[in-house]
Amino acid sequence: IDIIGKKKTAHELTKEEIDYFIENYTNENITDYQAAALIMAICINGMTAEEIGNLTMAMAKYTSHSDRPAVKLLMISLVAMPAPPTNIDIVSYLS
């Protein structure tokens, strides 16, 4: 999926890409290993505030009626994910 590759190379995902991924994952058109790959890319490269907002809205819209256990795990993984360090965090740590 191009969305995974895009995030893997640290590019910002559009609202449409995030909606597509969450909707299709919820409907079981995207596999668990593809979702895991996207989560790993997000863990490594982080998300912008806009991406986080779009992801939150997509999860609320598409996952609320899902009985798929993996959807709940995806939601927990993304919510519990620590934010990547920022330049400010690194400067504070080095001071």
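The following paragraphs examine the structure supplied in this document.

1. Re the packing of helix H2 (residues 15-26) against helix H4 (residues 49-62)
- At a minimum axis separation of 9 Å, H2 and H4 run at an interaxial angle of 35°. H2 and H4 meet at a crossing whose hand is right-handed. Between H2, through Lys15, Ile18, Asp19, Ile22, Glu23 and Thr26, and H4, the contact on the second element is made entirely by Glu51, Asn54, Leu55, Ala58, Met59 and Tyr62.
- Looking at the contact of H2 with H4, its residues break down into 6 nonpolar, 2 polar and 4 charged.

2. Things to note about H2
- For H2, built from 12 residues, the straight-helix expectation of 16 Å at 1.5 Å per residue is met to within 8% by its first-to-last C-alpha distance of 16 Å.
- At the exit of H2 stands glutamate 28, carrying a positive phi of roughly 65°.

3. Observations concerning the pattern of salt bridges
- Considering all chains together, one arrives at 3 salt bridges under this definition.
- Of the charged contacts, one joins glutamate 17 and lysine 6 as a salt bridge, the two residues approaching to 2.9 Å between their closest N and O atoms. Taken as a pair, glutamate 17 in helix H2 and lysine 6 in helix H1 (residues 2-8) lie far apart in primary sequence, 11 residues in all.
- Of the charged contacts in the structure, one is a salt bridge between lysine 15 and aspartate 19, with a shortest N-O distance of 2.7 Å. In this pair, lysine 15 and aspartate 19 are both assigned in helix H2, 4 residues apart and thus about one turn of the helix distant.
- Its relative accessible area of 42% is what places lysine 15 among the partly exposed residues.
- Classification of aspartate 19 as buried rests on a relative accessible area of 12%.

4. Brief notes about the environment of threonine 14
- Along the chain, threonine 14 turns up in the loop between H1 and H2.
- Exposure remark for threonine 14: the relative accessible area of 32% places this residue in the partly exposed category.
- When the C-alpha atoms of threonine 14 and glutamate 51 are compared, they prove to be 7.2 Å apart, with 37 residues separating the residues in sequence.

5. A few points about the environment of threonine 63
- Inspection of the secondary structure assignment puts threonine 63 in the loop between H4 and helix H5 (69-80).
- In sequence terms threonine 63 and asparagine 27 are 36 residues apart; their C-alpha atoms lie 9.2 Å from each other.

6. A word on the nonpolar core
- Among the nonpolar cores identified, the biggest contains 15 residues, and Ile18, Phe21, Ile22 and Leu38 are the most heavily contacted of them.
- At the level of secondary structure, the elements contributing two or more residues to this core comprise H1, H2, helix H3 (32-45) and H4.
- With sequence-adjacent residues up to four places away left out, leucine 38 is seen in contact with Ile3, Ile4, Lys7, Leu13 and Phe21.

Quick notes on the rules
- Residues numbered from 1 in each chain as written.
- Predicted model: local features only at pLDDT ≥ 70, side-chain atom pairs only at ≥ 80, totals over all residues.
- Heavy atoms only, no water.
- Axes fitted to C-alpha atoms, helices over the stretch in contact; angles between N-to-C directions.
- Helix = DSSP H or I, 4+ residues; strand = E, 2+ residues; numbered from the N terminus.
- Left-handed = near helix turned anticlockwise from the far one by under 90°.
- Contact = heavy atoms within 4.5 Å.
- Nonpolar A, V, L, I, M, F, W, Y, C, P; charged D, E, K, R; others polar.
- Expected span 1.5 Å × (residues − 1).
- Salt bridge = Lys/Arg side-chain N within 4 Å of Asp/Glu carboxyl O.
- Buried < 20%, exposed > 50% of the residue type's maximum accessible area, 1.4 Å probe, protein only.
- Core = buried A, V, L, I, M, F, W, Y, C linked by side-chain atoms within 4.5 Å.

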